[in-house]
Amino acid sequence: MLDQVKIVTVIGSGQMGNGICHVFAQKGFKVHMMDINQTALDKALATIGKNMDRQVAKGGLTEADKAAALGNIVTYTDMATAIADADLVIEAATENVDLKLKIFKQLDELAPEKTILASNTSSISITKIAAATKRPAKVIGMHFMNPVPVMKLVEIINGYATDAAVSTLIHDLSVFIGKVPSVVNDYPGFIANRILMPMINEAIISLHEGVGGVNEIDTIMKLGMAHPMGPLQLADFIGLDTCMNILNVMYTGFGNPKYAPCPLLVNMVQAGYLGVKSGEGFYKYTAGSKDLVVSDRFTK
C-alpha cells in the first residue's frame, strides 16, 4: 500500500510544518512545502538544514543523506500547483477551526480525486473538517508531536467517515517514517490533549490561586512525576495561545466547565505573552541562552 504515496504536500511551513517536511524528505519522499509567504519558506528550509546538521553532528545522518533530503523538498506559494500531483496532503496551519475549514474546502476543490487529505490538528474535529469536503472517506487526522524530527508519536484520528483502508495506510506510513502511530477516535482533544491540556490548565490555576510559584510547580512535576519538562514550561513551548485554543475547543465540544481556560491564561494571551514564540510567558527567553528564567511578573 505504501507505494500509493510518493509525493507529499505540507501546507504551512511553521514549526510543525517544516518538521513534517523534514521527516518525509529524509525518508525519500518528494515533498512540496507550501506557504503563502516565500520568506517563511526560506526560513523553514534554513531550519530544516540546521536540524539536519545536528543529526550529522551526532552521527545519525551523513552529509550525502542531508543533501539528498534537502533535494527532495520543493517550495511553493501557490496551493493549486503545490497539490496538483500530491498523493497525500498534510495541513499544518494554525490551530483555528475557521482557517482549517477554509483550507480543506480549497484542498478538496484543487487536489486530485486520489489524494488523501490529512490534518495535523491537535484538537479540532476531523469529522467537522471532513464535512467541508466532498471526500470525507479520504480525510484523516495525523497529529505529530513537537519537535517532529525527535518525537516518536503520531496520533492518528479517524473521522466518522474515514475509510478503514485510509487509516491503515496512514498507520503504515507513520511506521515507515520512523514514528509510532496510535489510532484514536474523533472526540475533542483526542487523547493527547484531552489529558495534557487539563493538567497544564490546572498548573496555571494553581499559580493563579497562589498555591505555588512557577518554579515550584514545574519542579514538583519534573522531580516528583518524572516529567522531562514542567507544565508551565511546556505551555510556553507549545504556545499559550495554542493551549487556550485547544482548551476552548474542548470546552465548546464537551460543554464541561473543567475545560474552561484559566483567566490568567486568557489574560496572558490577550496581552501577547505567548511563551517562547513571543519571548516571554511564564519564563523569559533570550536568543542563544538556555537558562530558564522565571518572568518578572511571577517573582514579585
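Bear in mind the structure is a predicted one, so any value in this text is a computation, not a measurement.

## Examining the overall build of the chain
- Helix and strand counts for the chain stand at 12 helices and 10 strands.
- Within the chain, the proportion of its 300 residues that are buried is 47%.
- In the chain, once contacts between residues fewer than 6 apart in sequence are set aside, the share between residues at least 24 apart is 65%.
- With the model as given, the accessible surface of the chain reaches about 14300 Å², and the carbon-plus-sulfur share is 56%.
- When the 26 basic and 28 acidic side-chain charges of the chain are each reduced to a single mean position, those positions are 2 Å apart.

## What about helix α10 (residues 231-238)?
- Counting buried residues along α10, 6 of its 8 residues qualify, which places the element largely inside the surrounding structure.
- When α10 is considered as a whole, its buried residues turn out to be P231, L232, Q233, L234, A235 and D236.
- Buried-residue contacts for α10 involve α8 (192-208), α9 (214-225), α11 (240-254) and β9 (283-284).
- Downstream of α10 by a residue or two, G239 has a phi angle that is positive, lying close to 110°.

## Let's talk about helix α2 (residues 38-57)
- For α2, with 20 residues, the first-to-last C-alpha span of 29 Å sits near the 28 Å given by 1.5 Å per residue.
- Taken together, the buried positions of α2 are occupied by L41, A44, I48, G49, M52, Q55 and V56. All buried residues of α2 project into a common sector of 140° when viewed along the axis, lining one side. Exposed side of α2, more than 90 degrees from the buried face: T39, K43, K50 and A57 are the residues found there.
- Contacts made by the buried residues of α2 are with α1 (15-26), β2 (30-34), α3 (63-71) and β3 (73-76).
- N-cap assignment for α2: the residue whose side-chain oxygen lies 2.7 Å from the backbone N of T39 is N37.

## Let's talk about the UniProt feature "domain: 3-hydroxyacyl-CoA dehydrogenase C-terminal" (unreviewed entry) in the chain
- Per the UniProt record, the feature "domain: 3-hydroxyacyl-CoA dehydrogenase C-terminal" (unreviewed entry) sits at residues 189-285.
- Counting secondary structure, residues 189-285 comes out at 63% helix and 2% strand; the distance between its end C-alpha atoms is 28 Å.

## Brief notes about the sheet that holds strand β6 (residues 139-144)
- Ordered in space as β3-β2-β1-β4-β5-β6-β7-β8, the 8 strands form an open sheet in which the pairing is mixed. In this open sheet, the two strands that pair with only one neighbour each are β3 and β8 (180-185). Here the average twist between neighbouring strands, direction ignored, is 25°.
- Along the sheet, α2 makes contact with β2 and β3, crossing β3 at roughly 160°.
- Against the sheet, helix α5 (residues 97-110) engages β1 (7-11), β4 (88-91), β5 (116-119) and β6, with an angle of about 165° to β5.

## What to know about the pattern of salt bridges
- The final tally for this structure, using the stated rule, is 8 salt bridges.
- The residue D108 makes a salt bridge to R135 at a minimum N-O spacing of 2.7 Å. Of this pair, D108 sits in helix α5 while R135 sits in the loop between α6 (126-130) and β6, placing them 27 residues apart in sequence.
- Of the residues examined, D108 reaches a relative accessible area of 11% and is grouped as buried.
- A relative accessible area of 10% places R135 in the buried class.

Conventions we followed
Residues numbered from 1 in each chain as written. Predicted model: local features only at pLDDT ≥ 70, side-chain atom pairs only at ≥ 80, totals over all residues. Heavy atoms only, no water. Helix = DSSP H or I, 4+ residues; strand = E, 2+ residues; numbered from the N terminus. Buried < 20%, exposed > 50% of the residue type's maximum accessible area, 1.4 Å probe, protein only. Contact = heavy atoms within 4.5 Å. Areas by Shrake-Rupley, 256 points an atom, 1.4 Å probe, with all protein chains shown as cover. Lys, Arg positive; Asp, Glu negative; His and termini not counted. Charge placed at Lys NZ, Arg CZ, Asp CG, Glu CD. Expected span 1.5 Å × (residues − 1). Arc of directions from axis to C-beta. Polar contact = N/O pair within 3.5 Å; in protein donor to acceptor, adjacent residues only side chain to side chain. UniProt positions renumbered as here; feature names shortened; annotations may be inferred. Pairing = 2+ DSSP bridges. Axes fitted to C-alpha atoms, helices over the stretch in contact; angles between N-to-C directions. Salt bridge = Lys/Arg side-chain N within 4 Å of Asp/Glu carboxyl O.

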